[in-house]
Structures are given as C-alpha cells and as structure tokens.
Amino acid sequence: MDAGSLSSSGTLKTRSRYPLQEQFIQRKSSKENLDRFIPNRSAMDFDYAHYMLTDGNKGKENPVGNSPSREAYRKQLAESLNMNRTRILAFKNKPPAPVDLIPHELSNVLQGNNRSVKPRRFIPQTSERTLDAPDLVDDYYLNLLDWGSANVLAIALGSTVYLWDATNGSTSELVTFEDEDGPVTSVSWGPDGRHIAVGLNNSEVQLWDTASNRQLRTLRGGHSQRVGSLAWNNHILTTGGMDGRIINNDVRIRSHIVETYSGHEQEVCGLKWSASGSQLASGGNDNLLYIWDRATASSNSTTQWLHRLEDHTSAVKALAWCPFQSNLLATGGGSGDRCIKFWNTHTGACLNSIDTGSQVCSLLWNKNERELLSSHGFTQNQLTLWKYPSMVKMAELNGHTSRVLFMAQSPDGCTVASAAADETLRFWNVFGAPESASKAAPKARVEPFSNVNRIR
Amino acid sequence: MAARTVAKDIITLRGSAAIVSEFFGYAANSILYNRGVYPEESFVKVKKYGLPMLLTEDEGVKSFMTNLTAQLSEWLEAGKLQRVVLVIMSKATSEVLERWNFSIETDGEVVEKGISREKSDKEIMREIQAIMRQIASSITYLPCLDEPCVFDVLAYTDTDVAVPFTWIESDPKLIANPQMVKLHSFDTKIHKVDTLVSYKNDEWDEE
C-alpha cells in the first residue's frame, strides 16, 4: 500500500500520467498564465500571437517565454535595465502616512476616527492594596473617608483621624479626641488639600491644618446632635447633622453660620455640592433628597429648597454629581430601596432608576470615562462598575466581607479607596488612566486633483 | 449648434494630460482602497466616471497624490512620460508584492506641432470607467495582502528630462517571476494608457 502511493507520485514526477495533474504541473513548469481569461480583445496582441504560433518557435532564442505577458515582462525588464533609454524616478517625499498608519492600524482605526469603540480597559478584579482599618465605626450614616487634592487620604477610626499619604504610603495620626467628644462622625478635606474638617459626635466641627497638625478653629452652636456629613464649597463648609439641619459655615468669619437649610426631619447623611458650587444635594434618613440653590440661600429666613424628591424608599446617603454633565446627579438608596436614581437637578426629573439588589452605600463617577461605581452591602458587599447611561454592569469587584460603607477617589481619578465594615481599607485600580490624546477635528474635504487644469 | 458639437470633441495636449493625470490619481486611490493598503475608514465616496470612487481622507496620502499628479501632468504635457508604476510593498520586508503598471504612449506629432485631435469626452470616460471597474474587481484574483503594506510610485520618463528637485532616481522595483494580468486601455488620441497589474506568484499554486 505504501509502495502504491510511492509509485504513483513517482509517475507524477517523471511521466505525468494523470491528465488533471499533468496540466497543473505543466503550467507550473512553464510559468504560463493559463488560468486567466482576459476578455479585453483590444488589449491582445494578435499579430504577436500569430508570429509566436507560426515562426516564433523557429528561433530558439526564447524557448520558455512564449506568452504575450511573459514577453511584455521581458521587454519591461530589458527596458528597466537599459537605463540609457528610460529614467525611472520616484517622488522623494514618500507617502508618510502608511508608515505611521499601518503598525497601529487597529488603534488608529479605533481612536482616530471619532468612533467610540475603544480597546477594552483591563479592570483588575482584586484590590491593589489592602490596609487594616481597626475600630472603623460600622454606621451607615457617617462619612469617615476622604481623599484630598494633595493626595492624602483621611480616615477616622473610632475617635482618631489618621492620614495616609498616597504618594509615599506613610501613615500619621492627626488627632485623637476625648471619649466625651468622639467618636468622629465625618471627615472632609478642604479644596486646598491642606485643611480638613472633622465632624464630631458632640455636634462640633473642628478645622485642622494638616501641614502643622494644628487645630485652627471649632465651629459650634449650629447643631444639636452629631455632624455626620460635611461638604466644602470654597470657603463655605456645609455641615449636616443628626438634627436634620444643614448649615453653611463661612470658615473665615467669626459668626460662621451664614445660611441654614431646613427640610430634613431626620439625620442628614449625604451632602454634596455640585462641581460649579451652585447646587447642593442632601440626602437624609427621612428617605428624602433635596436640591438646594446657592443663589437663593439667605441667612435670615429658612431657605426654600429647589426640589424635594421623595422617590427613594430608604435613607439617601450615596450622592454623586456627574463630572461631565453639570445638572446630572446620581443617588443611591439604603437597604429598603436598593436603587440608583439619576436626576436632572434643574427640573427635578428622575431620569432613570436601577434596582441594584442591595443597599447602596456610596457612589463615584469615573472622571475619565462615562462610568459610575457603586458600593454595596449585604449580600455581596461588592463594588459594581456601571456603564452610563446604558447601566450595563462592566465589573463587580469582590473582596470586602462586610458592607462597603465609604469610597473615595484619588485626585487623578484612577484609584478608588473603599472602607468597609470588615475593618479593611482597600484600593482598587478601577477607573484606569486618563485619556490623553485629543481628537483631531475633522477637516473639510477638498477636491483632490484641483491643481490639474481641465481645459475641455 | 453643429459647430458647438464639433468644438466639444476637440482634445488638446493639455486637456489630455489633465485627463490622464486625473485618471492616475483616481486609479491610485482606488488601488489603495481596494487592496487595503490604508484602512477603509480613511476613504470617502465621490462620484466620478459615472462610478462611486473612493478617495483617501488621510492628509499625508492626499498631499502625496496632489504633488504627484501635478508633476505627472507637467511631464504628460511635455510628452516625456513613458510609464507610471504604483508599487505595493511589504512594510516589514520591503518586498514588492504588486506592481500596477500604466504605460503611456504619447502621440509625438501632437507634442511637436501643437495640433489637437478629436475624441469625445464621453467616449474617453467610458474607457476609463471600464478600467476602474477592472481595478475594483481585481481583488477577486489578486493574492491577499495579509501583512501591512506601503506603496510608492515610480515614473518612467525620457532620459532628457531634468530630475525635479523633489524626485530621485529609483530602481524599477520589479517582482521576480510575476503573474501578470492586462487590463483595459484608454486612449485620448494623444495619450494611450495601457494598464497592467503584475503580482507575486501565489505560493499556494506552487505546492
């Protein structure tokens, strides 16, 4: 059986017995071009063909190249070698783009053409770093984590405020409060990243200078109960207390209380100024979300809210203003509500509502992409990354073993720190690097050969 | 009325040169698109020769083409251009994979005496259209260019042509043992353009 196949291949080579293969091999050996049907009669050189069929083979000068194209090639070769007849010129400026375009063909196609198709970003599923956070108060209504603009993370553990410098990883203790004052119920960095406001269980708010570890002043007299939420708007520090009051404090002046917002009937646990500083969102344990307008605030009479939104069915703690759309606010409800809702804060309209299936403790927008990160409690204790506005789940980050109470975003927007009731502080590289390349504006197309004068 | 019709069918040397160089610009764009030398997305559709033609939007390629056609039409008017070759090479190895050969025969009498010929615009356009159709359909038999490619353009001119500042002498960038397919020709009665594509023998046939 082996011999048979051997002998048949042997015949092929020597005698070419099989018709089909014979033809195939002959074509190969003679380098003819018989597989092409060329319908252009006018392009065929019949005189030449006739010559080749009749007298052509007499002269044995050209035994193999007997097809017209072969002859054309030979002529072309002769011409090009015969430089005294023709000059071959090439444009000195080579077309530059193919050299640049082709190696990054994919990335150019994707990024250069204003298409929103981007190479998928790798989202690490595990935390980049885990720090121990002993004595972290497991209280949904507090705000104990903040990442300042100077890249220093502040976290309150019990009655002590710790600072963790993200640039070198060093930890320092800012202050420990007396048992009758503490525990700390909220921390918030000032816009300069140097001054920090600390809300206390005894209804006081203290301002600290972290450069000199010195207390600057104490704001008291505004609240009657603990201060669980803080928000800065330039020199205005807004504080929200368990008494349901929201107070604007001008930290520069002696009588610091400049405005009071009254609306909440229970503890204010979420407080965020919009990026422009014109609107304040506040969420409370009374399941209410209020939007306040800075322009209509006054110190004398109690200020009327801009919107009073009753859609959440549980405490509203998680608040996040959209970085790319100034009037868009995302809010998350507590364990009885489990929803993330989106609001147009100009009109007060609810744009979308998503049931996440568990308590929403915290919300953060990605500064670089249209994405929203939410942190949750029972049952998964996960961080969920959502695509906005489709609200497709992009990733779920597991690791925490108890509800993820607080989240804070690094100043560059890439890293997120999360503190959970399992007394750990975890860092997630979830938002990726900022996009650097600016898209080139499309230019108007010009008729290309316009330099060629058409006479006719 | 009759006089007008006659006047319309007159073709001058300059007009012919413009038609040929414009033809070359569109043909080169069509080849670059059809052979996938540049990404599809960098081309836009325009109507030309009664066909949808594709033109590159890439600034670099566009300016290359503009400079090229400008120089070609100058040479064509002088009757010094014998051939234009568009070469497609492998980017990695610079191996020549395809040569699109446009041979040009110029009517010497027209160049010398400055006379004009008669051929209707419509007829020329129809001939060019046939070539463009063939270029577009060539992808059915040309081997796949499955690696990144670059292109270059060679101009074969008479020896007495002074080399312009922006041009350099080049080797012919020939393909060893090529397959060749001759396409349609067109003739303005002043310039006759023959199109031929030669390409590297597909190794698949050899095995």
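As the structure is a computational prediction, the values presented were derived from the model and not from experiment.

The rules behind each value
Residues numbered from 1 in each chain as written. Chains lettered and ligands numbered in written order. Predicted model: local features only at pLDDT ≥ 70, side-chain atom pairs only at ≥ 80, totals over all residues. Heavy atoms only, no water. Helix = DSSP H or I, 4+ residues; strand = E, 2+ residues; numbered from the N terminus. Buried < 20%, exposed > 50% of the residue type's maximum accessible area, 1.4 Å probe, protein only. Contact = heavy atoms within 4.5 Å. Areas by Shrake-Rupley, 256 points an atom, 1.4 Å probe, with all protein chains shown as cover. Core = buried A, V, L, I, M, F, W, Y, C linked by side-chain atoms within 4.5 Å. pLDDT = per-residue confidence, 0-100. Pairing = 2+ DSSP bridges. Axes fitted to C-alpha atoms, helices over the stretch in contact; angles between N-to-C directions. Salt bridge = Lys/Arg side-chain N within 4 Å of Asp/Glu carboxyl O. Lys, Arg positive; Asp, Glu negative; His and termini not counted. Polar contact = N/O pair within 3.5 Å; in protein donor to acceptor, adjacent residues only side chain to side chain. UniProt positions renumbered as here; feature names shortened; annotations may be inferred.

### Observations concerning the overall build of chain B
Next, step 1: Along chain B, the regular secondary structure elements total six helices and ten strands.
Next, step 2: Put simply, chain B has 207 residues, and 55% of those count as buried.
Next, step 3: In chain B, of all internal contacts separated by at least 6 residues, the share reaching a separation of at least 24 is 72%.
Next, step 4: Surface accessibility of chain B: about 8,800 Å² in total, with carbon and sulfur atoms responsible for 52%.

### A few points about the nonpolar core
Next, step 1: Of all hydrophobic cores here, the largest spans 59 residues; its most connected members are Phe23, Trp100, Phe102, Met132, Phe151 and Phe186 of chain B.
Next, step 2: With eleven residues, the single largest contributor to this core is helix H2 (residues 13-34) of chain B.
Next, step 3: Listed in part, the 33 residues of the second largest apolar core include Leu144, Val187, Val198 and Ala419 of chain A.

### Here we look at the confidence of the model for chain A
Residue and element names in this part refer to chain A.
Next, step 1: For chain A, mean pLDDT is 78; residues scoring 70 or higher make up 71% of the total.
Next, step 2: For residues 1-30, every residue scores under 50 in pLDDT, and the model assigns this stretch 17 contacts once sequence neighbours within four places are set aside.
Next, step 3: This model gives residues 436-446 a pLDDT under 50, and the stretch forms nine contacts once residues within four places in sequence are excluded.

### Side note on the sheet that holds strand S23 (residues 360-365) of chain A
Residues and elements named next belong to chain A.
Next, step 1: With antiparallel pairing, four strands are arranged side by side in an open sheet as S23-S24-S25-S26. Edge strands, defined here as strands with exactly one partner in the open sheet, are S23 and strand S26 (393-397). Averaged over all neighbouring strand pairs, the angle between strand axes comes to 20°, with direction disregarded.
Next, step 2: Sheet topology note: the strand S25 (residues 383-387)/S26 ladder contains four bridges and is antiparallel. Counted as the bridge partner of tryptophan 386 is lysine 393 from S26.

### Observations concerning the pattern of salt bridges
Next, step 1: In total, this model carries 25 salt bridges over all chains according to the counting rule given.
Next, step 2: Across the pair arginine 226 of chain A and glutamate 267 of chain A runs a salt bridge, and its minimum N-O distance is 3.0 Å. Taken together, the positions of arginine 226 of chain A in the loop between strand S10 (214-219) and strand S11 (227-233) and glutamate 267 of chain A in the loop between strand S14 (257-262) and strand S15 (268-273) put the pair 41 residues apart, joining distant regions of the chain. Like glutamate 267 of chain A, arginine 226 of chain A is buried.
Next, step 3: In this structure, lysine 173 of chain B and aspartate 171 of chain B form a salt bridge, with 3.9 Å as the shortest nitrogen-oxygen distance.
Next, step 4: For lysine 173 of chain B, a relative accessible area of 17% puts it in the buried group.
Next, step 5: Here the residues in one salt-bridge network are Asp107, Glu109, Lys113 and Arg117 of chain B, joined through shared partners.

### Let's talk about the pairing of strand S24 (residues 371-376) of chain A
Residues and elements named next belong to chain A.
Next, step 1: Burial analysis of S24 places six of its six residues in the buried class, the great majority of the element.
Next, step 2: Burial of S24 is two-sided: the residues Glu371, Leu373 and Ser375 facing one way and the residues Leu372, Ser374 and His376 facing the other way are all buried.
Next, step 3: Alignment of S23 against S24, held across five bridges, turns out to be antiparallel. Within S24, the residue paired with valine 360 across the bridge is histidine 376.
Next, step 4: Where S23 folds back onto S24 in an antiparallel hairpin, the turn is made up of five residues.
Next, step 5: In this sheet, S25 lies alongside S24 in antiparallel orientation, the contact comprising five bridges. Residue pairing in the sheet places leucine 372 in a bridge with tryptophan 386 of S25.

### Quick look at the side chain of aspartate 243 of chain A
Residue and element names in this part refer to chain A.
Next, step 1: With respect to the secondary-structure elements, aspartate 243 resides in the loop between strand S12 (236-241) and strand S13 (245-250).
Next, step 2: For the buried aspartate 243, no salt bridge exists, and the shortest N-O distance to an oppositely charged side chain is 4.9 Å, to arginine 245.
Next, step 3: A polar contact of 3.3 Å, which involves the side chain of aspartate 243, links it to the side chain of histidine 223.
Next, step 4: Discounting residues that sit within four places of it in the chain, aspartate 243 has contacts with Gly222, His223, Ser224 and Gln225.

### Digging into the UniProt feature "repeat: WD" (unreviewed entry) in chain A
Next, step 1: The feature "repeat: WD" (unreviewed entry), as annotated in UniProt, sits at residues 177-218, 261-302 and 397-430 of chain A in this numbering.
Next, step 2: Helix makes up 0% of residues 397-430 of chain A and strand makes up 50%, while its end C-alpha atoms are separated by 9 Å.

### Section: unusual backbone geometry
Residue and element names in this part refer to chain A.
Next, step 1: The omega torsion across glycine 182 and proline 183 is -5°, close enough to zero to call that bond cis.
Next, step 2: One non-glycine residue, aspartate 135, lies in positive phi territory at about 65°.
Next, step 3: As for its position among the elements, aspartate 135 is in the loop between strand S2 (129-132) and strand S3 (145-147).
Next, step 4: Residue aspartate 135 is classed as exposed on the basis of its relative accessible area, which comes to 54%.
Next, step 5: With a phi angle near 75°, serine 203 is a residue other than glycine that sits in the positive phi range.
Next, step 6: Tracing the sequence through the fold places serine 203 in the loop between strand S8 (195-200) and strand S9 (205-209).
Next, step 7: Accessibility expressed as a relative area gives 14% for serine 203, which makes it buried.

### Thoughts on the sheet that holds S8 of chain A
Residue and element names in this part refer to chain A.
Next, step 1: The strand order S7-S8-S9-S10 describes an open sheet built from four strands, whose pairing is antiparallel. The open sheet has two edge strands with one neighbour each: strand S7 (184-189) and S10. The sheet shows a mean angle of 20° between the axes of neighbouring strands, direction not considered.
Next, step 2: Here five bridges tie S8 to S9, and the two strands are oriented antiparallel to one another. Within S9, the position partnered with valine 198 by the bridge is glutamine 206.

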